[in-house]
Each structure stands twice: as C-alpha cells, then as structure tokens.
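# Working through the structure, step by step
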Protein chains: 2
Amino acid sequence: MVDAKDHGRLTARDREILKDVILTYILSAEPVSSRSVAKHGKLGLSAATIRNVMADLEEWGYLMQPHTSAGRVPTALAYHLFIGSMMEMRAVPARERRYIQENLKGGSSDADQLMGTASHLLSELSSQVGIVVTPAMGETVLKAVDFIPVSGRKVLCVVVSSTGFIDNKVIETDEEVPREELVRISNYLTENFGGQTLRQIRERLLRMMVEEKAQMDRFLARTLELAKSGFSVGETPGVVVDGTSMLLAKPELSDVQRVRRMFEAFADKARLVKILNLCIQGGGVRVLIGEDSDLTSELDFSVVATPYGVGDQPLGTLGIVGPSRMDYESVIPLVNFLGETLSRALADTFSGEPERK
Amino acid sequence: MVDAKDHGRLTARDREILKDVILTYILSAEPVSSRSVAKHGKLGLSAATIRNVMADLEEWGYLMQPHTSAGRVPTALAYHLFIGSMMEMRAVPARERRYIQENLKGGSSDADQLMGTASHLLSELSSQVGIVVTPAMGETVLKAVDFIPVSGRKVLCVVVSSTGFIDNKVIETDEEVPREELVRISNYLTENFGGQTLRQIRERLLRMMVEEKAQMDRFLARTLELAKSGFSVGETPGVVVDGTSMLLAKPELSDVQRVRRMFEAFADKARLVKILNLCIQGGGVRVLIGEDSDLTSELDFSVVATPYGVGDQPLGTLGIVGPSRMDYESVIPLVNFLGETLSRALADTFSGEPERK
DNA sequence: TGTTAGCACTCTCGCGTTGAGAGTGCTAGT
DNA sequence: ACTAGCACTCTCAACGCGAGAGTGCTAACA
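Cut-offs used in this document
- Residues numbered from 1 in each chain as written.
- Chains lettered and ligands numbered in written order.
- Predicted model: local features only at pLDDT ≥ 70, side-chain atom pairs only at ≥ 80, totals over all residues.
- Helix = DSSP H or I, 4+ residues; strand = E, 2+ residues; numbered from the N terminus.
- Rg over C-alpha atoms; globule rule 2.2 N^0.38 Å.
- Buried ≥ 20, exposed ≤ 12 C-beta atoms within 10 Å, placed from the backbone.
- Least-squares fit on C-alpha atoms with pLDDT ≥ 70 in both.
- Contact = placed C-beta atoms within 7 Å.
- Pairing = 2+ DSSP bridges.
- Axes fitted to C-alpha atoms, helices over the stretch in contact; angles between N-to-C directions.
- Parallel < 35°, antiparallel > 145°, perpendicular 65-115°, else oblique.
- Left-handed = near helix turned anticlockwise from the far one by under 90°.
- Nonpolar A, V, L, I, M, F, W, Y, C, P; charged D, E, K, R; others polar.
- Near = placed C-beta within 6 Å.

## Side note on the overall build of chain A
A count of helical and extended segments in chain A gives 13 helices and 10 strands. Here the C-alpha atoms of chain A give a radius of gyration of 26 Å, more than 25% beyond the 21 Å that 2.2 N^0.38 yields for 357 residues. Looking at the 357 residues of chain A, the share that counts as buried comes to 41%.

## Remarks on the relation of the copies chain A and chain B
In the superposition of chain A on chain B (RMSD 0.1 Å, axial shift 0.0 Å), the rotation amounts to 180°. With respect to symmetry, the two chain copies, as superposed, fit the operation of a two-fold axis. The position closest to the rotation axis in chain A is occupied by the C-alpha of Val-256 of chain A, lying 3.0 Å away. Most of the interface of chain A is mirrored in chain B, where 100% of its interface residues again form contacts.

## Re the sheet that holds strand 3 (residues 129-134) of chain A
All names here are of chain A. Taking strand neighbours across the sheet as the criterion, the 5 strands line up as 7-3-10-9-8 in an open arrangement whose pairing is antiparallel. Of all the strands in the sheet, the pair left with one neighbour each is strand 7 (238-242) and strand 8 (286-289). On average, adjacent strands in this sheet sit at an angle of 20° to one another, irrespective of strand direction. Alignment of strand 3 against strand 10 (residues 313-323), held across 5 bridges, turns out to be antiparallel. Pairing of Val-129 across the sheet is with Val-321, part of strand 10. The sheet strands contacting helix 11 (residues 269-277) are strand 3, strand 7, strand 9 (301-310) and strand 10, and the helix crosses strand 3 at an angle near 85°.

## Looking at the pairing of strand 4 (residues 142-151) of chain A
Residues and elements named next belong to chain A. Counting buried residues along strand 4, 9 of its 10 residues qualify, which places the element largely inside the surrounding structure. Here 8 bridges tie strand 4 to strand 5 (residues 154-161), and the two strands are oriented antiparallel to one another. Looking at the pairing, Phe-147 lines up with Cys-157 of strand 5. The turn joining strand 4 and strand 5, which pair antiparallel and follow one another in sequence, is formed by 2 residues; a positive phi near 50° is taken by Gly-152.

## Focus on the packing of helix 8 (residues 198-211) of chain A against helix 9 (residues 218-230) of chain A
All names here are of chain A. Contact geometry of helix 8 with helix 9 gives a least axis separation of 10 Å together with a crossing angle of 150°. Considering their axes alone, helix 8 and helix 9 lie roughly antiparallel with respect to each other. In this structure, helix 8 meets helix 9 at a crossing whose hand is left-handed. Contacts from Leu-205, Met-208 and Met-209 of helix 8 reach helix 9 at Leu-224, Ala-227 and Lys-228. Along the lines of polarity and charge, the residues of the contact of helix 8 with helix 9 split into 5 nonpolar, no polar and 1 charged.

## So, the interface of chain A and chain B
Counting residues at the interface gives 31 residues for chain A, matched by 31 residues for chain B. If you list the elements that add at least two residues to the side of chain A that touches chain B, you get strand 4, strand 5, strand 6 (166-172) and helix 10 (256-267) of chain A. Of the residues in the side of chain A that touches chain B, the class split is 15 nonpolar, 9 polar and 7 charged.

## Details of the protein's contact with DNA strand C
DNA strand C sits among 19 residues. The nearest are Ser-33 and Ser-34 of chain A together with Ser-46, Thr-49 and Ser-69 of chain B. Counting residues per element, the ones that place at least two in the surface near DNA strand C are helix 2 (34-40) and helix 3 (47-59) of chain A together with helix 3 (47-59) of chain B. Looking at the surface near DNA strand C element by element, the count peaks at 4 residues for helix 3 of chain A. Taken together, the residues that form the surface near DNA strand C break down as 6 nonpolar, 10 polar and 3 charged.

## Digging into the protein's contact with DNA strand D
In the neighbourhood of DNA strand D, 19 residues make up the surrounding shell, with Thr-49, His-67 and Ser-69 of chain A together with Ser-33 and Ser-34 of chain B lying closest. Elements with a minimum of two residues in the surface near DNA strand D: helix 3 of chain A together with helix 2 (34-40) and helix 3 of chain B. The leading source of residues in the surface near DNA strand D is helix 3 of chain B, at 4 residues. Of the residues in the surface near DNA strand D, the class split is 6 nonpolar, 10 polar and 3 charged.

## Digging into the packing of helix 5 (residues 94-103) of chain A against helix 13 (residues 328-349) of chain A
Residues and elements named next belong to chain A. Two elements in contact, helix 5 and helix 13, have axes separated by 10 Å at closest approach and are oriented at 30°. With respect to helix 13, the element helix 5 is oriented roughly parallel. Both helix 5 and helix 13 take part in a crossing whose hand is right-handed. Facing Arg-97, Ile-100 and Gln-101 of helix 5, the residues of helix 13 in contact are Phe-337, Leu-338 and Thr-341. Its residues placed into classes, the contact of helix 5 with helix 13 shows 3 nonpolar, 2 polar and 1 charged.

## Brief notes about the environment of Glu-235 of chain A
Residue and element names in this part refer to chain A. Within the element layout of this structure, Glu-235 appears in the loop between helix 9 and strand 7. C-alpha of Glu-235 to C-alpha of Met-137: the two residues are 98 residues apart in sequence and 6.5 Å apart in space. Contact partners of Glu-235, with chain neighbours within four places excluded, come to Ala-136 and Gly-138.

## Concerning the environment of Asn-52 of chain A
Among the secondary structure elements, Asn-52 of chain A is positioned in helix 3. The sequence separation of Asn-52 of chain A and Lys-143 of chain A amounts to 91 residues, and the corresponding C-alpha distance is 64 Å.

## Concerning the pairing of strand 3 (residues 129-134) of chain B
Residues and elements named next belong to chain B. The element strand 3 is extensively covered by neighbouring structure, given that 6 of its 6 residues are classed as buried. On strand 3, burial covers both faces: Val-129, Ile-131 and Val-133 on one face and Gly-130, Val-132 and Thr-134 on the other are all buried. Sheet topology note: the strand 3/strand 7 (residues 238-242) ladder contains 5 bridges and is antiparallel. Bridge pairing in strand 7 places Gly-130 opposite Asp-242.

## Here's the deal with the sheet that holds strand 10 (residues 313-323) of chain B
Residue and element names in this part refer to chain B. Read from one edge of the open sheet, 5 strands run 7-3-10-9-8, paired in antiparallel fashion. Each edge of the open sheet is held by one strand with a lone partner, namely strand 7 and strand 8 (286-289). Across the sheet, the mean angle from the axis of one strand to that of its neighbour is 20°, orientation sign disregarded. Pairing between strand 8 and strand 9 (residues 301-310): 4 bridges, direction antiparallel. Note that in strand 9 the partner of Leu-288 across the bridge is Val-303. Packing of helix 13 (residues 328-349) onto the sheet brings it into contact with strand 9 and strand 10, and relative to strand 9 it is tilted by some 25°.

This is a description of form; function is not addressed.
Laid out in structure tokens, this is it:
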C-alpha cells in the first residue's frame, strides 16, 4: 500500500497520462492499453514510453492490471486523485436544471413525494442508482398536529413537520372522545409544542406527566395520552432507492452472482443509511470509493453523496451509487445541485412563517 | 395446438404419469426423464412404457422437450389441467396462518401499511414476487376529511377512506382561511359527503357549483373550493411489489438477459395492473400461465391472483408472480388466505360503524 | 395386445487443445 | 530520454472429442 505523499512524485506528464487512462476507462469499461493512450492522447509519445510511465503508476498504486498482458485499470487511489485535483466539473446543463426544478418544487406536494422524485431524478439523470435517506421523524420539527375521529374509539393522528413530512397514525383511545374535544386538543398541542422536535416534545411530555400528575384535569390528561401515542413515531430514518434496474445494463454486472450480491446490498437499508451518512460531514459532496466500505469494496462501487437540510440543520443525505467507473465530472455537480434544490424545496414547502428564529 | 376436448383421451395411467412429471419438474427445475418417472413412480412400469406415454402426451400438447434427447417439460396446458383436476390443495399451515394474522390485523395501522405487509408476506411465504394492486383513491368511500392550516394560504388536506386509506395533499387557497373555519368546513364535508365514493362526490360538487352558483354564501363557496382541490386525488390504482430479488435465486434466471427483461416487466406498473386485474372476475383465485399474457409468456411466468375487497365491493387484486414451475398446491391456498385476511383487515380497520347499509 | 429389454442415435456439456490477438516488459538502438 | 522491435504471457473463441443422458424404434415376450 502506498500512501498519499507519493502524489508529489507525479510529473505533469504522469498526471496527464493517468487522467487519460481514467477518462477512457470510464468511457469504455475495459482495461486501457498503452497503445490507445499513445494514439488518442494529446502528447505525442509512443506506446513504449507510455508503458514505462504506466508501469510506474502501477507501482505507486494508481493503476492495476487484471492479469499480466491486459490493459490497466484505475484504482480507488487514482479516482480520488482524479476527483481531488485533476477533473474539471461539468456544470449541470441548463435543460437538466430546469427539469429538476420543475419536478422538485416545494409547496406543491408533501415531503415524502419530494423524496421520491429526488431519488428518481438522481437515478434518471445519472443512469445510476439514486438514494435518498429521509430524516427520522423524531428529529423533525413539529409544525402542526391534528386528531381526526374515524370510528368509535379510533382516532387518526396526523403529525406535520415544518419541513413538510407527514405522518399518519391510527391510535385507539380508552374511551370515545367527542369531535370538539379532539379539535381543542389539536389546537392546544399545535400551539404549545410547535417549533420543537418530536424527540424534545416526547421528553417534555414525560416530564409533564410525572410532575403535574396530581393537578391534571380531565382535558389535560386526555391531551397527554393522545399526544404520547401520536408522537411516538419512527426513530429510524427511511431510505428511498430508485433505479436499481439501471445497473443491469452496465457491463460490470454481466455476471448473475454479482447481480445477486448487489441486490442483497441494496436490500439492507440499515447498512445503506450507515454508508450514506458517512458523507454527512463537511457539508459538500463527498465520494466514497472502493475500500471505504464493505459494500463498495466488494462490488467495486462508489458512493457520491451530500447532506441536505433546512438552514443549519441537516435532515438527511442524498446521492447515487454505482460502479466506481462513473462519470464523476458530471455526477458530482448533479448530486450537489440536487442537494441544494431539495433543501430549498423543503424550506419552501411550508414557507410563509419563519422557522422559529 | 391441441384443444381441450383431448382431456377425455387421457387414461388414468396417463394422468398419473403426467402428474408425476409435473411434480418432479416443479421440484427439480430440470427436464424430467422417463427413467426417473419409472423409478420413483408408484405404478411399476418400465422406462420404455413411460416413454411411449410421454410421447403421446407430447403429441397432445401436454409436454415438450427443449431438444431431442432431453427430458420433458410440462406446458401451460399441463399446468392448467394439473391445477384444474389433478392437484390436491395443501392447506396453509397453522403457523403461517397465525403469522399472517398477527402481521395483518386491521385497526392497528392504516391501509397503506397493510398493502405493504400483505405484499411482503406473499413474497416471503411463497418465495416468489408478491404484488398488491391498491384501489384508485377515487373509487374509495369517504370516511372523513380534514383541513389543517400549515402556513399562510397553504392547507393540508387529509382524506380518509372508510377502508383505511389515507391521502395527504397540500393545497393553496386564494386567501388565508382562519383555523376555525377550516374546522367547520371539515365537519360540514365529512357529515354531508361521508359514505360516498370520491368520484361520486366530485360529480356532485360540480353540479352544486353550477346549480347553486347564485345563492352561495361565502362559507359554502370556500367549502366547495377547498373540496374541489382536496378531492381531486389519484384516478390510477397503485401497485406494491415485493421480493423481486427472490427470483434471482431461481435457476431459470441464471441468464442476465432474462433478469433484465424481468425487471423491465416489473417496472411497468401499468401493465402489471392490467394483468393482475384479469383475475378480478369470478371472485376466487385465478391462475394465468404462459400464453395468457405477454409478460408471462415471454418469461415463462405465471400469475396467481385473487381480488380482495370489503363486502360486495372489490377494491383491488393481490397475488404472486413467478416462474410457471411453482408450487401451486400451496401457493394457491396461500393467495386465497391472504386475500381473505386482507379483506377482513380492511373491513376491521375502522370498524364500529356500519359501512352505510 | 400391451409391456419390456436392448440398442442405435442424437444432443448437450465439459474439457483440453490450439491459434489468434492483444498487451506487456525488456533490451538495444537512436 | 525516447522509441522500435521482439519475445513472452495471458485471454478468449473455436474446435474436436468423449462421456453421459435420454430418446425412439424394433424385436422379443407374456
């Protein structure tokens, strides 16, 4: 294993050749030979010279060959170098920007739909798998709550978060609660607890139930009971995956065994969340390649992801997953743009009232 | 092509042999030879005799061989005969019944969740792909409707159907409507329109808007405006698919091309609905094999499906899809049982009040 | 006449071989 | 320092071959 300070060893020519190898490999999916670099490369060198350089690059850990006398393939190290200091981002084309913005504007739909379309857009525009990690409901900020009687002692509880997430839940009360009282309870809870996260609210409720147990009147007792059930929503974040079938077209998945492992990997939502959330640090787009996780290393997959959220609070992560050989130059800007657009859409969903300054 | 009256030609022995071929093929996924039938078959016949019979069965369209000098494989005709008059249903084992009932009991969750678990149960217990077609929201019967102010002119509209389906929708009003008025509107609509399907309601609303245009007061105008937006929900049924990755383990999908086609087939939701709804007639479980549709014939897949619903009204379809070679003897009872259980769960979801006798 | 044993025939599948092609590493020459 | 040339290695597709499995047919048998 060669460490990063070796980067300094690369001459401008070395870098040029490495870049060329990476670009052609991304395009062709086949090991690239010295000959092809010599031919189509800008610098007029012969194949033999290129060979020497490529041998060096292999020694330093940037390239590898599947077997002797095959062309060379970039390693994760090479991709990282490429992304870090060699490639030039290609801005998202205007028509795609418009397409995204049209499909992903806040206010017209609730957050769950937004998650779905975001995931689909990611997949469609990158030809990879699109993934969106949705926030755990418990971490979202309460906007409104409402109880709707549906029959007998059954009540439908609707929890609306300030970022547009909606949770429906049927709860059963001890005794039938009249409609008017449900309205009063809804109003009371919305006014008194709006602006806090569901987790905070749950804790506060517990404290109230202990402290004020004695002097609670009938109304408050019922309110707390309903609130306790209604606010006990999911602790775990959800995952929306779209476009897995896209990958079947890629040449690296011509083997059924790999296809199976891939689907197993995508089925394990918990692990997906863990991997995607590795990208939550730093704010911008992050790229995981190969060794960084078991999913990616086993299948030679990469993850390009970025956090999204409203204001300072991160809500979740979004990104794409696919073979390491992917078009980073346009995929990274795409993920970045989608992260921004989704964040804005979520902020706009229930705009009109500041978030709780 | 041989038609059905040939059934009469089959002697008891022929049927016995055909049945044996089908059963072993279902188990082994490989063309079954005369030898294997002779060996393990009850009737003590030699392989040569079996061969004669099998040649007849092939001529009559019940068997076919992938190539000369391979064993024989049942045709769709054979499966139909098998299902119609040869197999003996295996009742769903008690532990599975319990498992299903525990996971699929109404009242504890809303209908969308039920659809999800039903689909998952189908897939898990049959090792095939589970599919549930959910009713178009417009065909469901209104139980309650509620408007929740979320910010400025934005209002969240919650439509609850009597079978437990819930639809959330953010709508934008012309001017801000005070909270109390929204409550009044919710009550008014719930009381006056509960018990009708959304489609009926939409039509009645249109009539009202035309007829009473003149003498409408401010309240009614607002109400109708909100109702019009809120009730304009999906015309198209949804589809929940689960367990596609199960099929990757099956030997018939060892080829990547087939895997691709399969995923494309499952991605086309509209076509799935159409195929599943072929089974809606007749009430009980129906089986489509091979030629019956392009999806099934192209991939040698079968569909086992049954309608579900509350009372006399069918709501949707549910079933499983997989290679024609499937264990019909237990899969059919399973689908049947799940259809009944889901129907009951939906009926129970908001029990306590009769449906509108 | 129905059943069985035997045998030749056909087809698939796995395996080793072979030759072409692609690509490399090395060395000698510029 | 670069390049041309050449021998070497490895893959891949094609081919042939033999084993194995299964059939169809025919002749013998009850």
